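# Fold and geometry: a report
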Amino acid sequence: MSLRFVISAILVFGLSISPALASETSEAAFSMVKTLGLGNNLGQMGLRVAETTQTFRIIAQKVGNEKAMVLVKENLENVLPKYQEKWNNNLAQSYAEYFDAIELRSITDEKQSSKYFGKFKSRQGDVGKRMQEKSSGLLTQYVTEAMNKSFTKAVK
């Protein structure tokens, strides 16, 4: 009977600690993303995508390429806050799949001096693939909203 108690205690304790560790890792990952500004590329990525759209070409025909670029950049900046937090969360989740809380805090605090920095560099491709899987729809929504606003302003 005491063996059952020990096994039950281990299972209960083990199940209750797992979500806590996951939460700790998620929090450390989000802190790293925010502190190091790792998600600050959303605006640049949005602009690169926007420039390739048919909508951008139509706007450029209406107002000229330079004015189209200014208009699109302005609208991307205006709608960015609506998407930035989710972008950062997705990036943090992507990092949390490959790093534990100790590694993430070390990278956040020590940056290139961290003993985990090599792992951080070597995992960028994996993290990038996960981020793309998690966020391609979000990037599309972000660019679409900004381009719709830009188009509306350009045709007035």
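Residues numbered from 1 in each chain as written. Predicted model: local features only at pLDDT ≥ 70, side-chain atom pairs only at ≥ 80, totals over all residues. Heavy atoms only, no water.

The next thing to look at is the overall build of the chain. Summing up its helical and strand segments, the chain has 7 helices and 0 strands in all. Each helix (α) and strand (β) of the chain, taken in turn from the N terminus, gives the series α-α-α-α-α-α-α. Counting all 156 residues of the chain, 35% fall into the buried class. Partitioning the contacts of the chain with sequence separation of at least 6, the portion at a separation of at least 24 is 82%. Here the chain displays about 9,700 Å² of accessible surface, and carbon together with sulfur accounts for 56% of that area. (Helix = DSSP H or I, 4+ residues; strand = E, 2+ residues; numbered from the N terminus. Buried < 20%, exposed > 50% of the residue type's maximum accessible area, 1.4 Å probe, protein only. Contact = heavy atoms within 4.5 Å. Areas by Shrake-Rupley, 256 points an atom, 1.4 Å probe, with all protein chains shown as cover.)

Moving on, we get to helix α5 (residues 101–110). Of the residues making up α5, those classed as buried are Ala101, Glu103, Leu104, Ser106, Ile107 and Thr108. Of the residues flanking the end of α5, it is Lys111, one or two places downstream, whose phi is positive at about 50°.

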